[in-house]
Amino acid sequence: MIALSNSLKNNIITLLGLFIALTTNGQKLTGILQNEKGNPIQGASISILNTSLQTISNQKGVFEFKELKNGKYIISIKSIGYAESSKEFIVNQTSTSNTIIKLTLIASSNQLDEVVVTAEKKEELIQKIPASITIINAKQINTFGLWNTKEITGIIPNLYSADPGDGRDVTSVRGIATSSYDPTVASYIDGVNQFSLDTYIPTLFDIERIEVLRGPQGTLYGRNAMGGVINIITKQPTNTSTGFADIIIGNYNKKRITAGFKTPLIKDKLFFGTSLLSDKRNGFYTNKFTKSPYDNQNGFSGNYFLKYIINNRWDINFNFKHHANENQGPFPLVFGSAKAIASPYTLNQNATTTMMDKTSNSSLSIRYTGKGFNFSSQTAYQQNYRFYTRPIDGDFSPIDAISIINNYGNKWNNNKVITQDFKFTSAPSSNSKLKWTAGAFLFYQDAPVKQATRFGKDANLMMIGDSLFSIINTSTTIKKGFALYGQATYVINDKLNMSFGLRNDYENQSESVMGQYQHDPSTKLYTTTADTLGRTHFNAFSPKLSLDYQVNNYSLWYGSYSKGFRAGGLSPLGSDPSQPPLLGYLPEYSNNFETGIKNNWLNNKLILNIALFYTKVTDAQVPSLILPDAITITKNTGQLTSKGVEAELMFIPTKGLLLQYSFGVTKASFDKLEIASQGASVNLAGKHPIFTPATTSLLAAQYSYPVSSQLQIMLRGEWKYIGTTYFDLANSIEQSPYHLLNAKLGMEYKKTALSFWAKNISGTKYISYGYDFGAVHLGDPAIWGTSFSYKF
């Protein structure tokens, strides 16, 4: 046998290695995690962005991913006590060696997180996205003590959110506001569009992060995203078994208990997770008529996940959420701002009731991660059944004049929505200069409503002209539509990117209405409006164009144009014969021009983002509240200009000290605004939009001190400032600027945590919500308490 030369041996080995690499499914990535002292980090969660691949580090801090294709990837690393980190790496199958990376994680007390978001329907680093986005992660949700989405007011620049006491949060961003059931700020939870104010679940528990996108997001999100998007992501199960229990006890007999458990049923294959919330408190308001608390709350919510990873390509995720709340005093309203402030949290109503609010939300998501593209499908079903057990007070007074009845069985006032989203994206490993997203969205909504306005024995005191009769209105609204959308980013060079997109939404609506009349003592119903059907339909185009330039390794500049819309519709049937039903109104549109800069300095210890915006709203939908039915008649009679500035800062000046500051100014007014009043047209041009503070500001300081390796104490203070806000189009209901102070003292020992907290320490009394007929609702009073949590 002839001996081979060393050179020939090496060539054969190299060729064999290359052949194996090219004929196998891919290469292996091996990573090693350590802390600043060089010690291995065990139990860290590592995932590859925009894939289903995830793993945890072992006792030596080592993790592995196998069968990776050629391309560029980004991994995200999360570990308790350390700042979230990310790392970009390249897999090259022509290489004979596997990819090995070594990462050092920095303590969260000494470095800010490198945050990953899905704001543009794919996983990306927030500081690389050319848009105004604020993230509130799980740690911040806990330190802020956020229990409801309305509490992000002031934290997010130029955002305001409140509810009139019925649990339906109305949110405005940059002067783009609504007072109807179609919001101007779209809300998503785990990818599912919370279709209307009825089907939206506002409670916050076991949340991974909240992403808030400011400015129109019509291209990717479509209908009702003309002001922005609130994107909520709950915590998902992983390969690590985890659990928690939190107990919060406070004044007003507050008891908030959350618990959850997540585990792999089959490692790397099948995962299960659940979290539960029980939330009770006594009312903030006292009813003088009954001499008892008015708005007692008792809620129960749940969130359940079942995830199955078929292989490296396919995974399936089923999710079910439910929320049930008993509100023993919805709409705690008082006529007149001065009266509400002079006698705070006091009302006088004879008709008391309980609002039963039951919402469910289920979804089935399928994801495919391919070599050339990714695909996902999400099918969702939402349902909300809301009714009053007894008639609710419609005159907000102790007299028996007007009440509202809607308890007609679950055939009525039971809102149902089906949505379907198909999405394709370029593969995360693609080396192409063009990264793209495209998809289709379909929906169907069925909203049957039956409501009676009851005029009692004292109706004549309100100049009604008669008493002891009811007007019953029924309507069935069907909405259905579809949209096609696409958005892409092209890498012009190493520093300059261009993004562009377009969406076309088509919507068809039909509404049937019928009016009836009943007068005591007879129970006979007389038809006042025969069963009548109305229809409308519309298209809406939502383009987007942006440029972003990487000034240096620390700063990104961007400029953008985007368009959004709020859906049109048909006016409902009311008791006022001067307001005919089934009048169609068009979508309203927002055109937004924006420029900004994102900065990340001092080794990720200082983040400063600044944005300027100019927004023009055309065909503005102007609502008129019709009483006593409490329905809204909408007409396209407005045009609005909004412009402003926003700034956000996160800074760790020294180990353990975290400073956060946000600031927003909105200068918004109607260029054109005409409303009907007492048979005449009133010109309100120059007035400011509702629910739009002139200024929002937040300053938070938090210091954490490690007493030992297992014990840490924390002290935190927050200051919020909310500028002048109006609650009616005539700007006659005004809340002057006010301050809110919050504080928290906490300690963590091993797996347990104990804290003492207070919100609105000074007991500031302010109007948080108002109606154009003069009734107002106050913001929450001073509340305080203690929290205890255990995690494993």
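Note that the structure is a prediction, hence the values are computed from the model and not measured.

Chemist: Account for the overall build of the chain, with residues named and values stated.
Modeler: Secondary structure summary: the chain contains four helices and 51 strands in total. Taking 792 residues into account, the globule formula puts the C-alpha radius of gyration at 28 Å, and the chain, at 28 Å, falls close to it. Projecting the C-alpha coordinates of the chain onto the three principal axes gives extents of approximately 115 × 55 × 45 Å. The proportion of buried residues among the 792 residues of the chain is 56%. Counting contacts in the chain only where the partners sit at least 6 residues apart, residues at least 24 apart contribute 67% of the total.

Chemist: So what's going on with the pattern of salt bridges? Residues and values would help.
Modeler: Counted according to the given criterion, the structure contains 29 salt bridges. The closest approach of N and O atoms between Asp190 and Lys321, which form a salt bridge, is 2.6 Å. Here the residue Asp190 occupies a position in the loop between β13 (185-189) and β14 (192-193), and Lys321 occupies one in strand β23 (residues 314-328), the gap between them amounting to 131 residues. Assessed through its relative accessible area of 16%, Asp190 is described here as buried. Ionic contacts of the salt-bridge type, sharing partners, join the residues Arg174, Arg214, Glu594, Glu646 and Glu648 into one network.

Chemist: Any details on the sheet that holds strand β24 (residues 334-335)? Residues and values, ideally.
Modeler: Spatially, the three strands line up as an open sheet ordered β24-β50-β49, and their pairing is antiparallel. Each end of this open sheet is capped by a strand with a single partner; those strands are β24 and β49 (767-770).

Chemist: Can you explain empty space enclosed by the protein? Please cite residues and give values.
Modeler: For the coordinates displayed, the defined rule picks out 14 cavities of 30 Å³ or more. A volume near 690 Å³ is recorded for the second largest cavity. Partitioning the lining of the second largest cavity into residue classes produces 16 nonpolar, 17 polar and 14 charged.

Chemist: Residue-level account of the sheet that holds β14, with values.
Modeler: One open sheet accounts for five strands, arranged β10-β15-β16-β13-β14; its pairing is mixed. On the outer flanks of this sheet lie β10 (133-137) and β14, each paired with one strand and no other. Summarising the sheet, strand β15 (residues 207-214) and strand β16 (residues 228-234) pair through seven bridges and their orientation is antiparallel. When the sheet's bridge partners are listed, Val212 is paired in β16 with Ile230.

Chemist: Explain the pairing of strand β29 (residues 402-405) residue by residue, including any values.
Modeler: In this structure, strand β28 (residues 392-393) lies alongside β29, joined through two bridges in antiparallel fashion. Across the sheet, Asp393 pairs through a bridge with Ser403, a residue of β29. Examined bridge by bridge, β29 and strand β31 (residues 434-455) share four bridges and lie antiparallel to one another. What sits directly across from Ser403, in β31, is Arg454.

Chemist: Give a description of the environment of Trp412 that names residues and reports values.
Modeler: When you line up the elements, Trp412 lands in the loop between β29 and β30 (414-426). Along the chain, Trp412 and Val173 lie 239 residues apart, while their C-alpha atoms are 33 Å from each other. Beyond its immediate chain neighbours, meaning those up to four positions away, Trp412 contacts Tyr385, Pro448, Val449, Lys450, Thr474, Ser475 and Thr476.

Chemist: Let's hear about the environment of Asn327: which residues, and what values?
Modeler: Its place among the elements puts Asn327 in strand β23. Overall, the relative accessible area of 1% leaves Asn327 in the buried class. The spacing of Asn327 and Ala177 is 150 residues in sequence and 26 Å in space, taken between C-alpha atoms. Ignoring sequence-local partners within four residues, the contact set of Asn327 consists of Gly165, Asp166, Asp295, Asn296, Gln297, Thr353, Thr354 and Met355.

Chemist: Which residues make up the nonpolar core, and what values do they have?
Modeler: Tyr160, Tyr285, Phe331, Leu673, Phe691 and Leu729 are the most contacted members of the largest nonpolar core, which has 49 residues in total. For this core, the elements supplying multiple residues, two or more each, are β11 (159-162), β39 (606-626), β41 (657-677), β47 (738-749), β49 and β50 (775-778). The leading source of residues in this core is β41, at four residues. Not counting chain neighbours up to four residues away, the residues in contact with Leu673 comprise Val622, Thr637, Gly638, Val682, Asn683, Leu684, Ala685 and Leu729. Among the nonpolar cores identified, the runner-up in size contains 20 residues, and Ile156, Leu159, Ile189 and Ile232 belong to it.

Chemist: Hey, could you go over the packing of aromatic side chains for me, with residue numbers and the actual values?
Modeler: Scanning all chains against the criterion turns up 32 aromatic pairs. Ring plane angle 45° and centroid distance 4.8 Å describe the contact between Trp314 and Tyr368, whose orientation is recorded as tilted. With a gap of 54 residues between them, Trp314 in strand β23 and Tyr368 in strand β26 (residues 355-369) connect regions that are remote in the sequence. According to the relative accessible area criterion, Trp314 is partly exposed, its value standing at 34%. Counting every residue linked through ring pairs, the aromatic cluster contains Tyr160, Phe335, Phe396, Phe691, Phe727, Tyr769, Tyr771 and Phe773. In this structure, Lys121 is placed above the aromatic ring of Tyr221, and the distance from its NZ or CZ to the ring centre is 5.1 Å. Lys759 extends its terminal NZ or CZ atom over the ring of Trp147, reaching a point 3.6 Å from the ring centre.

Chemist: Help me get a handle on the confidence of the model for the chain, residues and values and all.
Modeler: Note: predicted coordinates in regions of low pLDDT should not be interpreted at a detailed level. On average, the chain scores 91 in pLDDT, and the residues at 70 or more come to 93%. Per-residue pLDDT stays below 50 along residues 1-5; that stretch engages in two contacts with residues further than four places along the chain or on separate chains. Long-range and interchain partners of residues 7-24, a stretch whose pLDDT sits below 50, account for eight contacts in this model, where long-range means more than four residues apart.

Chemist: Which residues make up the pairing of strand β33 (residues 496-519), and what values go with them?
Modeler: Along any regular strand the residues' side chains alternate between the sheet's two faces. For strand β32 (residues 469-491) and β33, the ladder comprises 23 bridges, and the chain directions are antiparallel. In the sheet register, Ser475 faces β33, and the bridge partner there is Val513. The turn joining β32 and β33, which pair antiparallel and follow one another in sequence, is formed by four residues. Examined bridge by bridge, β33 and strand β34 (residues 526-550) share 21 bridges and lie antiparallel to one another. Bridge pairing in β34 links Gln516 to Thr527. Between β33 and β34, which pair antiparallel and follow one another directly, the connecting turn spans six residues.

Chemist: Help me get a handle on unusual backbone geometry, residues and values and all.
Modeler: Residues Asp520 and Pro521 are joined by a peptide bond in cis, for which omega reads 0°. Examined against the element boundaries, Pro521 turns out to sit in the loop between β33 and β34. Of note in the backbone geometry, Phe331 takes a positive phi value of approximately 55° without being a glycine. Following the sequence through the fold, Phe331 ends up in the loop between β23 and β24.

Chemist: Just give me the short version of the side chain of Thr30, but keep the residues and values in it.
Modeler: On the secondary structure map, Thr30 appears in strand β1 (residues 27-34). For Thr30, a relative accessible area of 14% translates into the label buried.

Cut-offs used in this document
- Residue numbers restart at each chain and count upward from 1, following the sequence in its written direction.
- The model is predicted, so local features are restricted to residues of pLDDT at least 70 and side-chain atom pairs to those at 80 or more, both for listing and for counting; the totals for chains, interfaces and linings are taken over all residues.
- Side-chain measures here rest on the full set of heavy atoms in the structure, leaving out hydrogens and waters.
- A run of DSSP states H or I qualifies as a helix once it reaches four residues; a run of E qualifies as a strand once it reaches two. Both are numbered from the N-terminal end.
- Based on C-alpha atoms, the radius of gyration is set beside the globule rule, defined as 2.2 Å times the residue count to the power 0.38.
- Think of it in three bands: residues with accessible area under 20% of the maximum for their type are buried, residues over 50% are exposed, and the middle band is partly exposed, with areas taken using a 1.4 Å probe on protein chains only.
- Whether two residues are in contact is decided by their heavy atoms, any of which lying within 4.5 Å being enough.
- In the sections that follow, a salt bridge refers to a side-chain nitrogen of Lys or Arg positioned within 4 Å of a carboxyl oxygen of Asp or Glu.
- Two strands qualify as a pair provided that DSSP identifies no fewer than 2 bridges between them.
- Using protein atoms alone on a 1 Å grid, points that fit a 1.4 Å probe yet trap it form a cavity, whereas open point sets bounded by protein on both sides within 12 Å along at least five of seven lines form a pocket; residues with an atom within 4 Å of a point count as lining.
- Grid points are joined across faces, edges and corners, and a volume is the space filled by probe spheres set on the points.
- Under the scheme applied here, ten amino acids are nonpolar (Ala, Val, Leu, Ile, Met, Phe, Trp, Tyr, Cys and Pro), four are charged (Asp, Glu, Lys and Arg), and all others, including Gly, are polar.
- We call a set of buried residues a nonpolar core when its members are Ala, Val, Leu, Ile, Met, Phe, Trp, Tyr or Cys and they connect through side-chain atoms within 4.5 Å of each other.
- Two rings from Phe, Tyr or Trp (for Trp, the six-membered ring) form a pair when their centres sit within 6.5 Å of each other. Planes less than 30 degrees apart are called stacked, planes more than 60 degrees apart edge-to-face, and all others tilted.
- Think of it as a cone above the ring: NZ of Lys or CZ of Arg counts as a charge over the ring if it is within 6 Å of the ring centre and within 35 degrees of the ring normal.
- The predictor's confidence in any single residue is recorded as pLDDT, a number from 0 to 100.

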